[in-house]
Amino acid sequence: MKKNKVQNLNITNPLFLVLLGLNVSISSKIFSQEKVESSVPTKNSTIQFQANTNPNDTSQPVLTLEASMNMAEVYSFTAKMAQQEFYATEAKEDAVFRGMLPTVSISGNYMQNSSDVNPLVGNSAAMAYGFPDTTSSTGTLSVTQPIIGLLPMFYSLQQASALTRAALQSRIQSRIDARFYGAQAFINLQKADQLLKAAKSAMEVSEKQLNDGNAQFNAGRLTNADLLKFKLDFENSKTSVLQAQTTYKVALITLAEAIGIKNSSAISVTSSEKSVWEMKSQKLPSLENILYPGLARRNDLLAAKENVEAAKQGKNYSYTTYLPSLNFVANYTRNFMAKDATISGQTYSASSIQDQFSYGIQLSWVLLDWGVRQAQISGAVAAEQKAKYNLENLNLNARIDITNSYLQLQNAIQVLDSAKVSVQYAQDVYSQMKARFDNGQVTATDLITAANDQTNARANLANARGSLDLAWITFQKSTGSKLTSLN
């Protein structure tokens, strides 16, 4: 099985240490509701995305957030394993149900009986007293139907049904996790793309400042110290671009692994100046309106409830082991070597005496097992209590998860609003500083600081947009909703 990898990026350049903030640490897990396979691409219909070398060329397909989630769901090995686990538990449930039906079996034999050991074997007179012929051949058809045994079988069926329902919820959760993995990788790549553009823009500004500084130095209006500051700033900006390019490449490879694309260079993502949340102009509902519906939808809680039910039925099954085994049995036997027989002067043809039919009740009851059944019951009771504790713990954690993701989304919305204002302020400050520097009113350090502040503000805005979309997707996941960008 191909494991999802965790990538941690360390940005060391002082200019981008705070800016890049791009965490491409992706958790390897996994969505969808029932029958979702029909609405997403299959493995055999792999979607290819060509890199757009010409920004004006819109004929080449571009990967979207929704497509990333769909492809990650289809490609996820964890989701595939959860699917097979569901099939396995479903088959076990079917087997338990069919075990409640009558069992029909057939047996037969052909025997050579030795007259050397018993001289009456094969004796025509002795055969009337039950001694066999030299050869014997019989066939038996048996039908067995549990009677009292139906009760433990019923509890076993209820347990198997609950486990199947739990596996179904786990399967759905694995797909949710897969879609989240794809969304996280896509958003991180978009963020890396915006940060790379911001770094290149900052380098262009730094280069222009250096060129202007050279011109002023040659004209005698700038000191050598100030010129060196411009040169240092330009070198730092080139380093930031290299680091941003590395961040982009790692995010690109991570996304390719998440969606099952071998050639990462064939991926081209949508580039937008707005986050998905911004484009939808959504409003955040109140936490009170979200909490309880979210708890009711969460698949991990639904699976835990089914596991509690399965443990309860397993306990009931253990109690029924004290009951006797009572079965209805019917046997139909034919002796293929039967011969005509004369008893008390009356002759019976072979065809009339070759068959035997018997039916009745079979009883078996274990009276003493030295505490084996009691130990099994104690284990089943403990398993039920453990399942209840697990459900209670998951409920508590789910409440915390929903509340935390809600507050994170709320905070991300506020941070984005602040980041937009900061960009405008930073641009205005740089414009004013540039004009004052040209008039000799401020130093090169002041101008470089203003340029860096502008770069920081743009990078923070890119981070804020990516963090907002990721917080939105995380919020959807915490409430058990289908992860989609279409709603």
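Source: prediction; values computed, not measured.

What counts as what
- Residues numbered from 1 in each chain as written.
- Predicted model: local features only at pLDDT ≥ 70, side-chain atom pairs only at ≥ 80, totals over all residues.
- Heavy atoms only, no water.
- Helix = DSSP H or I, 4+ residues; strand = E, 2+ residues; numbered from the N terminus.
- Buried < 20%, exposed > 50% of the residue type's maximum accessible area, 1.4 Å probe, protein only.
- Areas by Shrake-Rupley, 256 points an atom, 1.4 Å probe, with all protein chains shown as cover.
- Pairing = 2+ DSSP bridges.
- Axes fitted to C-alpha atoms, helices over the stretch in contact; angles between N-to-C directions.
- 1 Å grid on protein atoms, 1.4 Å probe; cavity = no way out; pocket = protein on both sides within 12 Å on 5 of 7 lines; lining within 4 Å.
- Points joined across faces, edges and corners; volume = space filled by probe spheres on them.
- Nonpolar A, V, L, I, M, F, W, Y, C, P; charged D, E, K, R; others polar.
- Phe/Tyr/Trp six-rings, centres within 6.5 Å; stacked < 30°, edge-to-face > 60°.
- Lys NZ or Arg CZ within 6 Å of the ring centre and 35° of its normal.
- Parallel < 35°, antiparallel > 145°, perpendicular 65-115°, else oblique.
- Left-handed = near helix turned anticlockwise from the far one by under 90°.
- Expected span 1.5 Å × (residues − 1).

## Here we look at the overall build of the chain
Here's step 1: Regarding its fold elements, the chain presents 11 helices and 6 strands.
Here's step 2: By residue count, 41% of the 487 residues in the chain fall in the buried class.
Here's step 3: Of the accessible surface of the chain, which amounts to about 26,600 Å², a share of 55% is contributed by carbon and sulfur atoms.

## Regarding the sheet that holds strand E2 (residues 135-146)
Strand-to-strand pairing in sheets goes through backbone hydrogen bonds, with the strands running parallel or antiparallel.
Here's step 1: Strand order in the open sheet formed by 4 strands is E1-E2-E3-E6, and the pairing between neighbours is antiparallel. Every other strand in the sheet has two partners, leaving strand E1 (103-112) and strand E6 (355-364) as the edge strands with one partner each. Averaged over all adjacent pairs, the angle separating strand axes in this sheet is 20 degrees, with direction ignored.
Here's step 2: Of the pairings in the sheet, the one linking strand E3 (residues 325-335) to E6 comprises 10 bridges and is antiparallel in character. Pairing of asparagine 327 across the sheet is with glutamine 362, part of E6.

## Some remarks on the layout of surface pockets
Here's step 1: Put simply, the largest pocket is a space of about 600 Å³.
Here's step 2: In terms of lining residues, the largest pocket is bounded by 23 residues, among which Met127, Asn335, Ala338, Lys339 and Ile353 are the most central.
Here's step 3: Put simply, the parts of the chain that give the lining of the largest pocket at least two residues each are E2, E3 and strand E4 (341-343).
Here's step 4: Looking at the lining of the largest pocket, its residues break down into 9 nonpolar, 10 polar and 4 charged.

## Brief notes about the packing of aromatic side chains
Here's step 1: Scanning the entire structure with this criterion turns up 8 aromatic pairs.
Here's step 2: A ring pair is formed by phenylalanine 86 and tyrosine 87, whose centres lie 6.1 Å apart and whose planes are at 45 degrees; its orientation type is tilted.
Here's step 3: Among the residues examined, tyrosine 87 registers a relative accessible area of 40% and is labelled partly exposed.
Here's step 4: Aromatic side chains tryptophan 277 and tryptophan 472 sit 6.1 Å apart centroid to centroid with 70 degrees between the ring planes, which places their arrangement in the edge-to-face category. Taken as a pair, tryptophan 277 in helix H6 (residues 276-280) and tryptophan 472 in helix H11 (residues 444-478) lie far apart in primary sequence, 195 residues in all.
Here's step 5: Site record: aromatic cluster; members linked through ring pairs are Tyr332, Phe357 and Tyr359.
Here's step 6: Seen from the ring of phenylalanine 77, lysine 80 lies directly overhead, with NZ or CZ sitting 4.8 Å from the centre.
Here's step 7: Directly above the ring of phenylalanine 86 sits arginine 171, whose terminal nitrogen or CZ lies 4.6 Å from the centroid.

## Points about the packing of helix H10 (residues 372-438) against H11
Here's step 1: With their axes 7 Å apart at the nearest point, H10 and H11 run at an angle of 160 degrees to one another. In terms of axis orientation, H10 runs roughly antiparallel to H11. With respect to the hand of their crossing, H10 and H11 are arranged in left-handed fashion.
Here's step 2: When the residues that make up the contact of H10 with H11 are grouped by side-chain class, the tally is 25 nonpolar, 9 polar and 7 charged.

## Remarks on H11
Here's step 1: Under the 1.5 Å per step criterion, the end-to-end length of H11 is 50 Å for 35 residues, consistent within 8% with the ideal 51 Å.
Here's step 2: Just downstream of H11, glycine 480 is the residue with a positive phi angle, here 75 degrees.

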